[in-house]
Amino acid sequence: MRTSTINHAGHGHDSHAADHDDHGPAKGWRRWVYATNHKDIGTMYLLFSLLMFFIGGSMAMVIRAELFQPGLQLVDPGFFNTMTTMHALIMIFGAVMPAFVGLANWMVPLQVGAPDMALPRMNNFSFWILPFAFTMLLSTLFVPGGGPSGGWTMYPPLVLQNGTSFPMLIFAVHLMGASSIMGAINVVVTIMNMRAPGMSLLKMPLFVWTWLITAYLLVAVMPVLAGAVTMLLTDHYFHTSFFQAAGGGDPVMFQHIFWFFGHPEVYIMILPAFGIVSEIIPTFSRKPLFGYDAMVYATASIAFLSFIVWAHHMFTVGMPLAGQLFFMLATMLISVPTGVKVFNWTATMFKGSLSFEPPMLFALSFLFLFTIGGFSGLMLAMVPADFQYHDTYFVVAHFHYVLVPGAVFGIMAGVYYWLPKWTGHMYSMKLANWHFWMSTIFVNVLFFPQHFLGLAGMPRRIPDYSTQFADWNMISSIGAFGFGLSQLLFAYIILSSIRGGVKATDKVWDGATPHGLEWTLSSPPPYHSFEIAPDVK
Amino acid sequence: MSEGSERAIMVAVVTQADRKRAARRTALLLACVAIGIYVAFIVSGILKSR
Amino acid sequence: MSKILKYAAGGIAACLPVTAAFAAWQLNMTKGVTELSRDIHGLHMLVFWICVIIAMAVFGMMIYSIVKFRHSQGAVAANFDHSTKAEVIWTIIPIAILVGMAVPAAETLIKIEDMRDSQLSIKVTGYQWKWHYEYLDKNVAFFSTLARDSDAARQLGSGIDPFKVPNYLLEVDHPLVVPVGAKVRILLTASDVIHAWWVPAFGMKKDAIPGFVNELWFRADEPGTYRGQCAELCGRDHGFMPIVVVVKPQAEYDAWLKSQQDAAKPAAATAATLDVNKNDEAATLLARAE
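This one's a predicted model, so the numbers in the text were calculated from it and none came from an experiment.

A. Local environment of the overall build of chain A. Of the regular secondary structure elements, chain A holds 16 helices and two strands. A compact globule built from 537 residues should have a C-alpha radius of gyration of about 24 Å, and chain A, at 23 Å, falls within 12% of that. Counting only C-alpha atoms, chain A reaches 70 × 50 × 45 Å along its principal axes. Within the span of chain A, comprising 537 residues, buried residues form 67% of the whole. Of all intrachain contacts in chain A linking residues separated by at least 6 positions in sequence, the fraction that spans at least 24 positions is 83%.

Spelled out as C-alpha cells, the structure:
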C-alpha cells in the first residue's frame, strides 16, 4: 500500500453533505428497500449472507448427523442428496459470494475515495434479487419430489430427473447469476472510474485489486453458467438435445461448459479473501505488505490461469491423453503464483512486530489452513493419482479446506477487522477469541479426517457407508457439531456490536498500523462519505 | 467558506458527473460482453450438438 | 439430545470390536494389486512428501515469526517491503519441483492409456442402481446388485446393526470374475444417468456415460476379492450399487466361465433379448448349487 499521506479535505463534513441530503437516510423499511447507499446495501448483503450461512450450515448438520454412524438412521437417501445439493448451492451462492459482495460494497468506495458505488440503483436491484431467488430455491424443499438432488453441479441426465424443483432451480440460478453480474459490473466501473485523484491503480489497497480482478472473472463466467443451465432447461422442456446422446448431444459437453464457469468460480470465491488477508497481516505486523507488485501480478496470473484448467474436475470422464496432460500441467502451474502469495504474506510477518487481535488470528489461521488445502489441490492435479481421489472424500476435504478455513475465515477476518468501523462499537475481544479458537480447532476435527476417508476409499455424496469408514466419520461429525455451534458466537458478537459497545476510534486498531482511506473516516463513517474526493498523494 | 474551496466543490461535482457518465458507458459495455458470452456458449452448444 | 447421546454411546461401543474386513482408522491409500495401482500409490507418496517438506519450511517460517517477532515482547518491525530476487527464487524453484513431479505422472498416464493387447474384454453398463456385466463374445452376461443382507440393513430405521453384516454395502449377489495376471479391458457405458466404475485395489476409475463408451484396463497380480463403489452421483441409491471383482487363478476362472456359459444356453434359447430376471435367477441358482 503505497499511499503516503492523505489529505483530509474531503473528510465528509456533513455541512457539505447536508446541501445534498439534509433529510439523512429514509426512515423505516424504505431505507432498506429503496437503499442506494453502498453502506446500507453492504450491510444487507452481509446480514443476508450470515442468515444463509446458518441455513446452509444446518443442512450440513443434517448431513453429518446421518453420517455420524454407518446405517441409515435419520433421512431418506433422496433427501440426503437434496441436503448435499442445497448445502452447496446455499453456501456458494448465498453465503460466500454475497458476503464478498457485501464487503466490496462497504469497503471499495471507502478505499478508493469514492462517494458511493458508480451505479447505486443497479446496486439495490442486485441485492434485492437475492432474497427472492433464495426464497424460491428453499421453497423447492416443499414441492412434490422435494428439492434438487443431483448435486450443485447439476450434471445431466441426472438433474433432469428432478421434477418440479428443476425449473425453480434453474430460475434461481439465473437470478443469482444476474445479481452477481450486475454487482461485478458495478465494482469494475466504480474502481475504474470513481477513484479519487491521485489514487493510481498501483496505489490501491490489495482488497480493491483482488475485487477488481474477481469482478472481471464474474463478468466473464457467470454468463457461461447461465448458458449451461439454459441449455438444460431447453433440453427438458423444448425438445433440444444439447446433452442427450440419443439426439446427437453429449452429457460431457455440459461438464465442460459448467466447469469452464466452475473453475474461475472457485477463484472468485477466494481472491477477495486474499485481498482481505493482504490488508490485515501488514496492519498487525506493523510492516508494509511484502511485494505489493508481485501480489498484484500473482493475483492476475491466478485469474488468467483459472480459465485454462477446468477439465481437472473431469479427469475420469474419458479424455484423450493429450487433454489430460495439458490440464494436469496447467493445474500444477497455478500453484506457483499461489505459492508466491503465501511466501509474500510470510515475508510480511517475518521481522515484523506482531499482535494477535481477532482479525489477525483469523488471517493467520487462513494462511496455515488454506495452504493445507492448496497442497491437497496439488495432489489432486496429478492425473493418475486423481483416479483414486476423484469423487471421494479426499476432494471434499480439499475444497472444504480452501473454502472454510480459506474463504469463510477470510470473510470472518474481514468482518472482525472492519466491524468496529461499520458499527462504531468495539466488540468483546474475549468472545471473539473464543469464537476463533473453537472455530479453528473444530474445523480441523471436522475436515482433516476426511482426507483419510477419501484415501481409504470412501466415495462422496453417499448417505451411508461401509463399516471400515465409521471411525473417521464419527470424528468428523463431532467436529461438525462443534464447528456449527461455535458460529452462534459469531452471530452474537456481530449483533451485539450493532447494538452497542465501547466506542471505536477512527483508526480502530490504535496499537497497530492500518493503512487505507477507510481509517480516515469516523467510526461509523458518515452516511455520505467522500462527497468531496480526498487528496491522495 | 473561502473562494478556493468553492471552486474545489464545483470542480469535484463536475468531475463526479463526468465520471458517472463514463462509468455508465463502461457498465453498458461489460453488460454487452456478458450477454455476448451467454449467446456465444449457447450457439457453440447448438453447433456442437448438430 | 438423548438420541444423539444414545447413538454416540452405541457408536463408540460398536467401534471397539470392529468386525469389518478392512482396517479401521485407515490413513492412507491402498497400494493395490496391479502395477498401475502401485505406480499411483508411489506418485501419491512422492507428491505427499514434497508437500510435507515445503509445508515444514513455510509453516516453520510462520511459526518462527509468530514466536520471535511479537509486539508484546517488544519486537520492532523492520521496514523492507519487497525483493525482486526473492520473488524470482520462489517462482523458479517451485517450477522446478513441479517438473520433477510431472515426469513420473506423465509416464504413468501413458501406461494407463495403453489399451492394446488385452486378453479379455468385458462390457460394463451402469444402471440405476446396479451394474451389468457382459463378457464380450463369450455369451455370459448378468446383473450385479447389492447383496440382500446389506440391502435389508441399510433401509431407513431397519434396526439391523451394520457391523454384523459381512462386507456391509460392499457385497453383491453376482460379482465380476476375472483371471489373475490377464490384461482385462473394460468397456464402460450407462443406460440412464452417468455412473462411474471404481475399484481402489486396481487404481482405476472411469465414468460410465449413457450413449458413450469409455475404456479402462487392469491386470490383477494376486487372486482375491476386491471391492469398489459407484463413483458418480447417480440418484437416490448411488451409495448402494457396489462393485465386487473376484480374481481367480486361470484354471478356476476357466471353470467358472464354462459353468456360466452352460447356464446361459437354455436361457439364451428361450429369450432373444437379454431378460433381466431370467438370467439373474438362472445364474444365482447355479451359483448357489456350486
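B. Expanded view of the overall build of chain C. Of regular secondary structure, chain C possesses six helices and ten strands. Taken over 290 residues, chain C has a buried fraction of 37%. Of the contacts formed within chain C by residues at least 6 apart in sequence, a portion of 67% connects residues at least 24 apart.

C. Quick peek at the interface of chain A and chain B. Counting from both sides, the interface comprises 27 residues of chain A and, opposite them, 23 residues of chain B. Taken together, the elements giving at least two residues each to the side of chain A that touches chain B come down to helix H6 (165-193), helix H7 (206-237) and helix H8 (251-268) of chain A. The biggest single contributor to the side of chain A that touches chain B is H7 of chain A, with eight residues. Looking at side-chain class alone, the side of chain A that touches chain B contains 20 nonpolar, six polar and one charged residues.

D. Region of interest: the interface of chain A and chain C. Counting residues at the interface gives 83 residues for chain A and 86 residues for chain C. Breaking the side of chain A that touches chain C down by element, the ones donating at least two residues are helix H4 (77-112), H8, helix H10 (292-305), helix H11 (321-349), helix H12 (358-381), helix H13 (383-389), helix H15 (429-456) and helix H16 (470-499) of chain A. For the side of chain A that touches chain C, the leading source of residues is H11 of chain A, giving 15 residues. Residue composition of the side of chain A that touches chain C, grouped by class: 50 nonpolar, 25 polar and eight charged.

E. Representation of the sheet that holds strand S9 (residues 224-228) of chain C in the model. Residue and element names in this part refer to chain C. Reading across from one edge, S4-S10-S9 is the order of the three strands in this open sheet, with mixed pairing throughout. Each of the sheet's edge strands pairs with one partner strand only, and the pair in question is strand S4 (176-179) and S9. This sheet shows a mean twist of 25° between the axes of neighbouring strands, independent of strand direction. Alignment of S9 against strand S10 (residues 243-248), held across five bridges, turns out to be antiparallel. Among the inter-strand pairings, threonine 225 is bridged to a residue of S10, identified as valine 246.

F. Here's a closer look at the nonpolar core. Of all hydrophobic cores here, the largest spans 277 residues; its most connected members are Val96, Ala228, Val277, Ala363, Phe366 and Ala413 of chain A. Setting aside chain neighbours within four positions, we find valine 277 of chain A in contact with Trp345, Ala363, Phe366, Leu367, Gly410 and Ala413 of chain A.

G. Broad picture of the arrangement of the chains. Interchain contacts are distributed over two pairs of chains, and the most extensive set of them lies between chains A and C. In this assembly chain B lies apart from chain C, the nearest approach of their C-alpha atoms being 13 Å.

H. Highlighting the pairing of S10 of chain C. Here S4 of chain C runs beside S10 of chain C; their pairing, made up of four bridges, is parallel. Looking at the pairing, valine 177 of chain C lines up with valine 246 of chain C of S10 of chain C.

I. Region of interest: unusual backbone geometry. Cis peptide bonds are those with omega within 30 degrees of zero, and the linkage from proline 156 of chain A to proline 157 of chain A qualifies with -5°. Backbone torsion omega between glutamine 128 of chain C and tryptophan 129 of chain C reads 10°, so that peptide bond is classified as cis. With respect to the helices and strands, the residue tryptophan 129 of chain C is situated in the loop between strand S1 (120-127) and strand S2 (130-135). Of note, lysine 351 of chain A is a non-glycine position whose phi angle comes to about 60°, a positive value. Tracing the backbone through its elements, the reader meets lysine 351 of chain A in the loop between H11 and H12.

J. The environment of phenylalanine 452 of chain A, seen in detail. Considering the arrangement of structural elements, one finds phenylalanine 452 of chain A in helix H15. We classify phenylalanine 452 of chain A as buried; it has 22 C-beta atoms within 10 Å. With 127 residues separating them in the primary sequence, phenylalanine 452 of chain A and leucine 325 of chain A have C-alpha atoms 27 Å apart. Ignoring anything within four residues of it in the chain, the contact list for phenylalanine 452 of chain A reads Trp472 of chain A together with Gln26 and Leu27 of chain C.

K. Main features of the sheet that holds S2 of chain C. All names here are of chain C. Across the sheet, which stays open at both edges, the five strands sit in the order S3-S2-S1-S5-S8 with mixed pairing between neighbours. What marks the edges here is a single partner per strand, and that holds for strand S3 (140-144) and strand S8 (214-218). The average angle at which neighbouring strand axes cross in this sheet is 20°, direction not considered.

L. Here's a closer look at the confidence of the model for chain A. Averaged over all residues, the pLDDT of chain A is 93; the fraction at 70 or higher stands at 96%. Across residues 1-20 of chain A the pLDDT falls below 50, and counting only partners more than four positions away or on other chains, this stretch makes 45 contacts in the model.

M. Molecular detail of the packing of H12 of chain A against helix H2 (residues 35-68) of chain C. Relative to each other, H12 of chain A and H2 of chain C sit at 160°, their axes nearing to 10 Å. By the criterion of interaxial angle, the relationship of H12 of chain A to H2 of chain C is roughly antiparallel. In terms of crossing hand, the pair formed by H12 of chain A and H2 of chain C is right-handed. Along its contact with H12 of chain A, which presents Leu367, Phe368, Thr371, Phe375, Leu378 and Met379 of chain A, the element H2 of chain C presents His44, Val47, Phe48, Cys51, Ala55, Val58, Phe59 and Met62 of chain C. Class assignment of the residues belonging to the contact of H12 of chain A with H2 of chain C gives a composition of twelve nonpolar, two polar and no charged.

N. Highlighting H12 of chain A. In this model, H12 of chain A (24 residues) spans 34 Å end to end at C-alpha, consistent with the 34 Å of a helix rising 1.5 Å per residue. Burial runs high along H12 of chain A: 22 of the 24 residues are buried.

O. Region of interest: the environment of aspartate 235 of chain A. Residue and element names in this part refer to chain A. For aspartate 235, the position within the fold is in helix H7. Distance in space between the C-alpha atoms of aspartate 235 and phenylalanine 79 is 25 Å, their sequence separation being 156 residues. Residues contacting aspartate 235, with those up to four places away along its chain left out, are Pro156, Leu160, Thr240, Ser241, Phe242, Phe243 and Gln244.

P. Expanded view of the packing of helix H9 (residues 271-285) of chain A against helix H14 (residues 393-423) of chain A. Residues and elements named next belong to chain A. In the contact formed by H9 and H14, the axes pass within 9 Å of each other and the chain directions differ by 45°. Regarding the angle of H9 to H14, the classification is oblique. Judged by the twist between their axes, the crossing of H9 over H14 is left-handed. Between H9, through Ala273, Ile276, Val277 and Ile280, and H14, the contact on the second element is made entirely by Gly406, Ala407, Gly410, Ile411, Ala413, Gly414 and Tyr417. Considering only residue class, the contact of H9 with H14 consists of eight nonpolar, three polar and no charged.

Q. Spotlight on the pairing of S1 of chain C. Residues and elements named next belong to chain C. In the sheet, S1 pairs with strand S5 (residues 184-190) via seven bridges, with the strands oriented parallel. Considered in S5, the bridge of lysine 123 is made with leucine 187. Across six bridges, S1 lies against S2 in antiparallel orientation. Paired with valine 124 across the strands is tyrosine 133, a residue of S2. Taking the residues between adjacent antiparallel strands as the criterion, S1 and S2 are bridged by two residues.

R. A look at H6 of chain A. Over its 29 residues, H6 of chain A extends 42 Å from the first C-alpha to the last, a length consistent with the 42 Å expected when each residue adds 1.5 Å. For H6 of chain A, a buried count of 22 out of 29 residues is recorded, marking the element as mostly surrounded by other parts of the structure.

S. Main features of the environment of proline 104 of chain C. All names here are of chain C. Among the secondary structure elements, proline 104 is positioned in helix H3 (residues 84-112). With 53 residues separating them in the primary sequence, proline 104 and cysteine 51 have C-alpha atoms 16 Å apart. What proline 104 contacts, discounting residues up to four positions off in sequence, is Leu43 and Leu46.

Cut-off values and rules
- Residues numbered from 1 in each chain as written.
- Chains lettered and ligands numbered in written order.
- Predicted model: local features only at pLDDT ≥ 70, side-chain atom pairs only at ≥ 80, totals over all residues.
- Helix = DSSP H or I, 4+ residues; strand = E, 2+ residues; numbered from the N terminus.
- Rg over C-alpha atoms; globule rule 2.2 N^0.38 Å.
- Buried ≥ 20, exposed ≤ 12 C-beta atoms within 10 Å, placed from the backbone.
- Contact = placed C-beta atoms within 7 Å.
- Nonpolar A, V, L, I, M, F, W, Y, C, P; charged D, E, K, R; others polar.
- Pairing = 2+ DSSP bridges.
- Axes fitted to C-alpha atoms, helices over the stretch in contact; angles between N-to-C directions.
- Core = buried A, V, L, I, M, F, W, Y, C linked by C-beta atoms within 7 Å.
- pLDDT = per-residue confidence, 0-100.
- Parallel < 35°, antiparallel > 145°, perpendicular 65-115°, else oblique.
- Left-handed = near helix turned anticlockwise from the far one by under 90°.
- Expected span 1.5 Å × (residues − 1).

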